[in-house]
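Descriptive structure summary
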Amino acid sequence: MQKLNDYCTCEAKLRGDEFVGIRNDGCLEICFPAGYFKNDDAIAELDEDELRQDIMQLFDVLSDSELIEVHENSNIIGRDVEKSSSDFPMLAYVNLLRNFMEYGYYSEQEVVFKQGGNGKVDWNRTIKTLRPDVVNDSVVYLDPVTRQTDNNERELISLIHKFCVWDAAKRIGFVFGVDIQEPPALDFDYEMFSSVLMTKASKTFHDRTLTLFQDMQRIVEYLGKNVSDENVIPDEFYFGVNSFAPVWEAMVERIFGTERREDYYPNCGWVIDGKNAGRVEMRPDTIMKVDDKIFVLDSKYYTYGIDGRTLPQSESITKQLAYAEFAEQKIGKTVYNVFLMPYCAGAVTAENFLYPFKMKYLGYAYSDWKNTDVAKGLVKPYHKIHGVLLDIKNVMQNYSKSNAAQKQFANVITTANKKGP
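These numbers come from a predicted model, not from an experiment. (Residues numbered from 1 in each chain as written. Predicted model: local features only at pLDDT ≥ 70, side-chain atom pairs only at ≥ 80, totals over all residues. Heavy atoms only, no water.)

**Quick look at the overall build of the chain**
Stated formally: The helix and strand labels rest on DSSP assignments: H or I over at least four residues marks a helix, E over at least two residues marks a strand, and numbering proceeds from the N terminus. Only protein chains enter the accessibility calculation, which uses a 1.4 Å probe; a residue whose area is less than 20% of its type maximum is buried, one above 50% is exposed, and one in between is partly exposed. Residues count as neighbours in contact if any of their non-hydrogen atoms are within 4.5 Å of one another. Here, Shrake-Rupley sampling with a 1.4 Å probe gives the accessible areas, and only protein chains in the shown set may cover a residue.
Within the chain one finds 13 helices and 17 strands. Each of the 421 residues in the chain was classed as buried or not, and the buried ones make up 46%. In the chain, of all internal contacts separated by at least 6 residues, the share reaching a separation of at least 24 is 73%. Of the accessible surface of the chain, which amounts to about 22300 Å², a share of 46% is contributed by carbon and sulfur atoms.

Below is the structure:
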């Protein structure tokens, strides 16, 4: 039996494969962003419980719709796959297996009470909730409260739960160590499964049970969309993105972004025969303001911090200079330029640790049509586009606004900017 570590890789990008997430296209694989671990050998040495936490962290990031849908990310898995998988209900599958591991298979325990109808009379509820009628000088209850039972419905909901758990275990059970060999007693029937779940959910007021039914409904909806005409459910599924770069940009924006980027968009355009022939906005990734200083950040999901290759080139350098110059003209404040790239910090050292994020100063880019030598005069801080590496694992664990990170980051840049060329 394969170990959990055998399914995981962080080197897909280094092989030219941009996918990040979990997929089964005949081969089950979990692809972490490049730099999340040192390399695949490091994954092989990890304790499975520790690796399981990392997998859950990856799933959490990929389930954050605000991260995934920003920046016009056209690379969400499913948009270029024959059958859409962008709606794969990963959290529903995860929640279902966690519930199963803690509580086992679902069995109906809720008792439904109804005034009138067949069933065993609950005299205690009847006396407390109903006013009796007087008939021939006798006190009677014409429509007492009864306990309602529907053995068929109870058995069905249990069998549907077993089917969903079986399907979840087949897809992602290896993450939790759940292996169910016995096939379910029911074949998939979308109409029946969906009807029973909606009926049960409408009668349920217990929060945990309601959440379970809602997760099961999401799974049934997904299976209903992907089942074949022969009622065969494919094993193949995808949950992730074909490009992690927009996700990296969005996480950096959450941590460091303090100003409206829209206010710092330079515009380019054409005028033909005296008429505006259209214009295009140039859009910086992130604008950070600390005290009276502005920092123009460009998040690059490049591999230099991982394999020593691929740095931002002339086009990106030139754009950063244009962004910063525009920002300076607009607000008249000191402006700094930064490229942010991921790396794997590994063990914490004095060199790579700056609370609350592990970051490492790399150096700076320049253009010889802009001064970087203070001695020559006319130099601007933004003429140097500083390079900073951020530990990608740390970012994925803490991608929320952090004033402490912003202050520390600003200090790294301003300190480096004072040094000579």
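**A look at the packing of helix H7 (residues 190-202) against helix H8 (residues 207-226)**
The criterion, for reference: Think of each axis as a best-fit line through the C-alpha atoms, taken over the contacting stretch in the case of a helix, with angles from 0 to 180 degrees between the N-to-C directions. Angle categories are assigned with fixed cut-offs, so that under 35 degrees is roughly parallel, over 145 is roughly antiparallel, 65 to 115 is roughly perpendicular, and the rest are oblique. Whether a crossing is left-handed or right-handed is set by the direction in which the near helix is turned from the far one by less than a right angle, anticlockwise for left-handed and clockwise for right-handed. Polar here means any residue outside two lists: the nonpolar Ala, Val, Leu, Ile, Met, Phe, Trp, Tyr, Cys and Pro, and the charged Asp, Glu, Lys and Arg; Gly therefore counts as polar.
At a minimum axis distance of 10 Å, the contact between H7 and H8 shows a crossing angle of 160 degrees. If you check the angle between H7 and H8, you find them roughly antiparallel. Both H7 and H8 take part in a crossing whose hand is left-handed. Residue-level inspection shows Tyr-190, Phe-193, Ser-194, Leu-197, Met-198, Lys-200 and Ala-201 of H7 in contact with H8, the latter providing Leu-210, Phe-213, Met-216, Gln-217, Val-220, Glu-221 and Gly-224. Split by residue class, the contact of H7 with H8 holds nine nonpolar, three polar and two charged.

**Quick look at the sheet that holds strand E2 (residues 20-24)**
Going by this rule: Here, strands pair whenever DSSP counts at least two bridges between them.
Taking strand neighbours across the sheet as the criterion, the four strands line up as E1-E3-E2-E9 in an open arrangement whose pairing is mixed. Each edge of the sheet is formed by a strand with only one pairing partner; in this case those strands are strand E1 (8-9) and strand E9 (237-241). Strand direction decides the pairing type here: E1 and strand E3 (residues 28-31), joined by two bridges, are parallel. Bridged to Cys-8 within E3 is Ile-30.

**As for the nonpolar core**
Short version of the rule: Side-chain atoms within 4.5 Å are what join buried Ala, Val, Leu, Ile, Met, Phe, Trp, Tyr and Cys residues into a set we call a nonpolar core.
If you look at the biggest cluster of nonpolar residues, it comprises 91 residues, and the most contacted ones within it are Phe-32, Ile-55, Phe-244, Met-251, Phe-256 and Phe-409. Looking at this core element by element, the count peaks at eleven residues for helix H6 (residues 151-176). Not counting chain neighbours up to four residues away, the residues in contact with Phe-244 comprise Glu-18, Val-20, Pro-33, Met-251, Tyr-301, Ile-392 and Met-396. Formed by 15 residues, the second largest nonpolar core is a distinct cluster that contains Val-296, Ile-317, Leu-321 and Ala-327.

**Considering the packing of aromatic side chains**
By convention here, two paired aromatic rings are described through the distance between centres and the angle between planes. The cut-off we apply is this: Working definition: a ring pair exists when centres of Phe, Tyr or Trp rings (six-membered ring for Trp) sit within 6.5 Å. Plane angles under 30 degrees give stacked, over 60 give edge-to-face, the rest tilted.
Applying the stated rule across the entire model yields 18 aromatic pairs. Summarising the aromatic geometry, the rings of Phe-32 and Phe-37 are spaced 5.0 Å apart at their centres and angled 75 degrees between planes, so their arrangement reads as edge-to-face. Given the relative accessible area of 1%, Phe-32 is considered buried. Centroid distance Phe-59 to Phe-239: 6.1 Å. Interplanar angle 80 degrees. Geometry classified as edge-to-face. Taken together, the residues Phe-59 in helix H2 (residues 48-62) and Phe-239 in strand E9 connect sequence positions 180 residues apart. Exposure remark for Phe-59: the relative accessible area of 1% places this residue in the buried category.

**Here we look at unusual backbone geometry**
Of note, the phi angle at Asn-231 is positive, near 65 degrees, even though the residue is not glycine. Secondary-structure assignment places Asn-231 in the loop between H8 and E9. Here Asp-291, not a glycine, exhibits a phi torsion of approximately 55 degrees, which is positive. Here Asp-291 is to be found in the loop between strand E12 (286-290) and strand E13 (293-299). Asp-291 sits in the exposed class, given a relative accessible area of 55%.

**Things to note about the side chain of His-386**
This is how it is decided: Polar contact criterion, stated in full: a pair of N or O atoms within 3.5 Å, where within protein one must be able to donate a hydrogen and the other to accept it, and residues adjacent in sequence count only if both atoms are side-chain atoms.
For His-386, the location among the structural elements is in strand E17 (residues 385-391). Residue His-386 is classed as buried on the basis of its relative accessible area, which comes to 0%. Here the side chain of His-386 touches Asn-417 through a polar contact of 2.7 Å, side chain to side chain. Setting aside residues no more than four positions away along its own chain, His-386 makes contact with Asn-337, Val-338, Phe-339, Tyr-361, Gly-363, Tyr-364, Ile-413, Ala-416 and Asn-417.

**Quick look at the pattern of salt bridges**
How we decide: We define a salt bridge as a side-chain nitrogen of Lys or Arg found within 4 Å of a carboxyl oxygen belonging to Asp or Glu.
Throughout the structure, instances matching the rule amount to 22 salt bridges. In this structure, Asp-17 and Arg-23 form a salt bridge, with 2.5 Å as the shortest nitrogen-oxygen distance. The partly exposed category is assigned to Asp-17, whose relative accessible area is 25%. One salt bridge connects Glu-328 with Lys-380, and the closest N-O pair in it is separated by 3.2 Å. Of the two residues, Glu-328 sits in helix H11 (residues 314-331) while Lys-380 sits in the loop between strand E16 (357-365) and E17, which places them 52 residues apart along the sequence. Salt bridges here are not isolated pairs; linked through shared partners, they connect Arg-15, Asp-17, Arg-23 and Glu-29.

**Here's the deal with the pairing of E17**
In terms of burial, E17 is largely enclosed, as seven of its seven residues are buried. Residue alternation in E17 divides its side chains into two sets, Ile-385, Gly-387, Leu-389 and Asp-391 and His-386, Val-388 and Leu-390, and both sets are buried. Note: strand E14 (residues 334-343) against E17, seven bridges, orientation parallel. Paired with Leu-340 across the strands is Val-388, a residue of E17. Sheet topology note: the E16/E17 ladder contains six bridges and is antiparallel. For Gly-363, the partnering residue across the bridge sits in E17 and is Gly-387.

**Describing the pairing of E3**
Side-chain alternation along E3 places Leu-28 and Ile-30 on one buried face and Glu-29 and Cys-31 on a second face that is also buried. Bridge count between E2 and E3: four bridges; the pairing is antiparallel. Paired with Gly-21 across the two strands is Cys-31, which belongs to E3. Once E2 ends, the chain turns through three residues before running back antiparallel as E3, passing Gly-26 with a positive phi of about 110 degrees.

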